[in-house]
Amino acid sequence: MTPGLDAQVAQLLAWVARAGGPSYPELGAAAARAHYERVATTLDIAPAALASVEDLRVALPGRTLRVRHYVPREHGWAEPMPALLFFHGGGFTIGSVDTHDRVCRMLAARADCVVLSVDYRLAPEHRFPAAADDAFEVLDWARRESGALGIDPARLAVGGDSAGGTLATASAIHARDRGWPLVLQLLIYPGVAGRQTSASHRDFGHGYLLDHDVVAWFFANYVRDDVDRDDWRFSPISHPDLRGVAPAWMAIAGFDPLRDDDRAYAAKLSAAGVPVTVDEYPGMVHAFFQHGGFVPTARRAHADAVAALRRAFGTA
């Protein structure tokens with residue numbers, strides 16, 4: 001076993017290696033989505049029971065998006081709840097509100113908050129900046145419709161994993177620029193850089209669940225040209241001024257190709273005066289947050305994320 005790699009994670013990687021099969025680039029977008037929908041919850045936690053889970057149809061200019069509305073308990077609309085606007089991962093190409101349903105249920109139940117999970121448009125059918133546009137416009141919608149949604153606009157957080165973390169970081173910058181207050185950006189191994197040049201991309205680019213060729217395929221599906229790779233809406237670390245964005249909690253996996261980019265982004269936030277809490281999970285790989293049914297450290301990361309939300313919401 002690789003020194004430092006978590007034992008359960010090593011077992012998972014061995015299973016993946018033995019299973020073989022075509023990679024996502026070999027499958028193509030449609031088949032990759034279907035495969036991910038089948039396997040995404042295999043090692044996840046059991047779904048938490050909530051007071052209400054409802055799919056909303058949100059009308060935006062020229063399109064309608066699905067947003068899943070999670071309410072953990074009955075509450076009076078005169079006492080609005082804090083809320084998390086959540087963006088799923090999947091390299092802008094795969095994933096949905098269904099693949100991340102159990103994570104969202106857990107966050108709603110344990111952080112005692114409303115969660116709004118966004119089914120943003122996917123690539124390659126919808127290239128950059130489609131997903132970012134969806135994120136920004138749903139954030140605006142959530143603020144405008146806060147009364148009907150039963151949420152407190154003064155206690156609104158954004159969050160997501162991987163590509164969803166990209167959208168959360170970009171949304172935090174967008175909110176800062178619009179003067180919209182956010183209490184937290186919950187960043188779970190977020191994608192923050194548009195190029196695969198860090199040492200961790202080299203060191204963990206094969207055999208650690210998120211291979212280099214898969215990341216390259218995700219990026220190629222989404223960006224229109226090389227210039228997009230340095231646009232802050234795709235590469236938040238490229239933004240020249242991060243002062244005044246929302247405080248951040250970041251989960252970093254030790255065997256993740258994105259590890260070094262995430263460390264660099266946390267350092268850049270801190271240098272800009274943004275309060276940042278980084279929890280690093282040394283033996284973990286990318287996507288471990290969805291392995292809580294098998295990997296105990298994933299459940300610890302869940303507890304850390306919940307604690308960060310509760311601190312931000314003032315309910316700790």
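In this report, we go over the structure that sits alongside the text. A quick note: this is a predicted structure, and the numbers were derived from the prediction, not measured.

Rules behind the numbers
Residues numbered from 1 in each chain as written. Predicted model: local features only at pLDDT ≥ 70, side-chain atom pairs only at ≥ 80, totals over all residues. Heavy atoms only, no water. Phe/Tyr/Trp six-rings, centres within 6.5 Å; stacked < 30°, edge-to-face > 60°. Helix = DSSP H or I, 4+ residues; strand = E, 2+ residues; numbered from the N terminus. Buried < 20%, exposed > 50% of the residue type's maximum accessible area, 1.4 Å probe, protein only. Pairing = 2+ DSSP bridges. Axes fitted to C-alpha atoms, helices over the stretch in contact; angles between N-to-C directions. Contact = heavy atoms within 4.5 Å. Expected span 1.5 Å × (residues − 1). Parallel < 35°, antiparallel > 145°, perpendicular 65-115°, else oblique. Left-handed = near helix turned anticlockwise from the far one by under 90°. Nonpolar A, V, L, I, M, F, W, Y, C, P; charged D, E, K, R; others polar. Core = buried A, V, L, I, M, F, W, Y, C linked by side-chain atoms within 4.5 Å.

## A few points about the packing of aromatic side chains
Alright, step 1. Under the criterion given, the structure shown has 14 aromatic pairs.
Alright, step 2. Geometrically, the ring pair formed by Phe128 and Phe234 is edge-to-face, given 6.4 Å between the ring centres and 70 degrees between the ring planes. Residue Phe128 is located in the loop between β4 (114-119) and α5 (130-144), and its partner Phe234 is located in the loop between α9 (212-222) and β7 (248-253); the two are separated by 106 residues in the primary sequence. Comparing Phe128 with Phe234 shows no difference in burial state: the two are buried.
Alright, step 3. Centre to centre, the rings of Tyr281 and Phe288 are 5.4 Å apart; their planes meet at 50 degrees, and the pair counts as tilted. For the residue pair Tyr281 and Phe288, the accessibility class agrees, reading buried in each case.

## A word on the sheet that holds β4
Alright, step 1. Across the sheet, eight strands lie side by side as β1-β2-β4-β3-β5-β6-β7-β8; this open sheet has mixed pairing. One side of each edge strand has no neighbouring strand; the edge strands of this open sheet are β1 (52-60) and β8 (276-281). Recorded for the sheet is a direction-independent mean angle of 20 degrees between the axes of neighbouring strands.
Alright, step 2. Its contacts with the sheet place helix α10 (residues 259-271) against β6 (184-188), β7 and β8, and it is angled at close to 160 degrees to β7.

## What to know about α5
Alright, step 1. Taking 1.5 Å per residue, 15 residues should reach 21 Å; α5 reaches 21 Å between its end C-alpha atoms and fits that length.
Alright, step 2. Taken as a whole, α5 has its buried residues at Ala130, Ala131, Ala132, Asp134, Ala135, Phe136, Val138, Leu139, Trp141 and Ala142.

## Some words on the packing of helix α4 (residues 101-111) against helix α11 (residues 296-313)
Alright, step 1. Following both chains from N to C, one finds α4 and α11 inclined at 50 degrees, their axes separated by 9 Å at the closest point. Considering their axes alone, α4 and α11 lie oblique with respect to each other. As for the relative orientation of α4 and α11, their crossing is right-handed in sense. Each of Met106, Leu107, Arg110 and Ala111 in α4 lies in contact with α11, whose residues at this interface are His302, Ala303, Ala305, Val306, Leu309, Arg310 and Phe313.
Alright, step 2. When grouped by side-chain class, the residues that make up the contact of α4 with α11 number eight nonpolar, one polar and two charged.

## Observations regarding the nonpolar core
Alright, step 1. Ranked by size, the top nonpolar core spans 66 residues in total, and within it Leu116 and Trp141 carry the most contacts.
Alright, step 2. Judged by nonpolar contacts, the second largest core, of 43 residues, contains Cys104, Tyr281, Ala287 and Leu309.

## Considerations on the packing of α5 against helix α7 (residues 163-178)
Alright, step 1. The N-to-C vectors of α5 and α7 enclose an angle of 55 degrees; their axes lie 10 Å apart at closest approach. The angle between α5 and α7 falls in the class oblique. Crossing handedness for the pair α5 and α7: right-handed. Across the interface between the two elements, Ala131, Ala132, Ala135, Phe136 and Leu139 from α5 touch Leu167, Ala170, Ser171, His174 and Ala175 from α7.

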